[in-house]
Amino acid sequence: KVKEFENAWNEFTGAKYSIAVTSCTSALHLSLAALGFGAGDEAILPAFTWIATANIVEHLRGKVVFADIDITTFNIDTKSIEKLITPRTKAIIPVHLFGLAANMDEIEKIATKHNLFVVEDAACGFGTKFNGQHVGLQGNTGCFSFHPRKAITTGEGGMVTTNDKLLANKIKRLRDHGANVTDLNR
């Protein structure tokens with residue numbers, strides 16, 4: 001059933017790979033861990049978000065750097081990102097808040113220019129599109145929530161999306177304590 005749900009999520013979002021996890025918090029954590037984010041690294045995220053977005057950075061012993069928000073969308077103000085980048089910055093975590101997509105074109109330009117990872121917090125992004133593409137597909141990963149207060153729910157749960165096969169495989173192994181063979185295949 002989990003594999004069926006992952007396949008359905010791929011079809012709905014257009015992702016090549018979807019990995020079911022226990023929560024969006026787990027999705028964010030596994031994404032950053034798989035990308036090599038760790039002690040002393042910095043992640044830029046909006047100052048207005050749910051605490052889990054910052055908690056995962058702290059959990060990995062990184063530093064949270066809060067960016068301003070755009071008051072018209074409550075998403076990260078892309079004009080505030082670049083001035084926050086330091087040699088220790090490793091990731092940008094935009095949050096697609098209230099079903100409104102962050103400006104992913106600008107975020108991707110900044111990330112490419114500074115060689116940064118982008119982990120999209122799309123906990124509230126179910127059905128949200130940016131330039132015709134479902135959110136969660138422009139960054140290295142997209143992280144979704146199926147918490148009871150979300151548009152769809154599994155009672156709890158989350159999903160990671162990516163179009164990078166190697167990254168998807170790494171997240172799957174991290175999700176399953178390093179195993180590279182699924183329970184179903186075992």
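A short tour of the structure in this document, coming up. Along each chain, numbering runs from 1 in the same order as the chain's sequence is written. Whole-chain, interface and lining totals are the exception, using all residues; otherwise, since this is a predicted model, local features are given only for residues with pLDDT of at least 70 and side-chain atom pairs are given and counted only at 80 or more. Excluded from the side-chain calculations are hydrogens and water; all other atoms, namely the structure's heavy atoms, are used.

At least two DSSP bridges between two strands are needed for those strands to be called paired. Segments assigned H or I by DSSP are reported as helices when at least four residues long, segments assigned E as strands when at least two residues long, and all are numbered from the N terminus. Ordered in space as β1-β9-β8-β5-β4-β2-β3, the seven strands form an open sheet in which the pairing is mixed. Every other strand in the sheet has two partners, leaving β1 (17–21) and β3 (63–67) as the edge strands with one partner each. Neighbouring strand axes in the sheet, compared pairwise and without regard to direction, differ in orientation by 25° on average. As defined by bridge partners, strand β2 (residues 42–46) adjoins β3 across five bridges and the pair is classed as parallel. Residue pairing in the sheet places Ile-44 in a bridge with Val-65 of β3. In what follows, residue pairs with any heavy atoms lying within 4.5 Å of each other are defined as contacts. To define axes, lines are fitted to C-alpha atoms, for helices over the stretch in contact only, and angles between the resulting N-to-C directions are given on a 0 to 180 degree scale. Contacts from helix α2 (residues 24–34) reach β1, β4 (89–92), β5 (117–121), β8 (141–145) and β9 (158–162) within the one sheet, and its direction differs from that of β8 by about 165°. Docked against the sheet, helix α4 (residues 104–114) engages β4 and β5, running at close to 155° with respect to β5.

Before going further, it helps to examine the pairing of β8. Most of β8 sits out of view: five of its five residues are buried. For every residue, the accessible area obtained with a 1.4 Å probe (protein chains only) is divided by the maximum for its type, and the residue is called buried under 20%, exposed over 50%, and partly exposed between those limits. Side chains Thr-141, Cys-143 and Ser-145 project from β8 onto one buried face, and the interleaved Gly-142 and Phe-144 project onto a second face that is buried too. Direction of pairing for β5 relative to β8: parallel, over a ladder of three bridges. Along β8, the bridge assignment pairs Asp-121 with Cys-143. Looking at chain direction, β8 and β9 are connected through four bridges and run antiparallel.

Turning our eyes to something else, we now look at the nonpolar core. Formed by 26 residues in total, the largest nonpolar core has its most connected members in Leu-32, Val-57 and Ile-93. Listed by contribution, the elements that provide at least two residues to this core are β1, α2, β2, α3 (51–59) and α5 (165–175). Sorting elements by how many residues they give to this core places α2 first, with six residues. Ignoring any residue separated from it by four or fewer positions in sequence, one finds Ile-93 in contact with Leu-28, Leu-32, Ala-43, Ile-44, Leu-45, Pro-46, Thr-53, Ile-56, Val-57, Val-119 and Asp-121. Core analysis: the next-biggest nonpolar cluster, separate from the first, contains 15 residues, Ile-76, Ile-92, Leu-116 and Phe-130 among them. Working definition of a nonpolar core: buried Ala, Val, Leu, Ile, Met, Phe, Trp, Tyr and Cys residues. They are joined through side-chain atoms within 4.5 Å.

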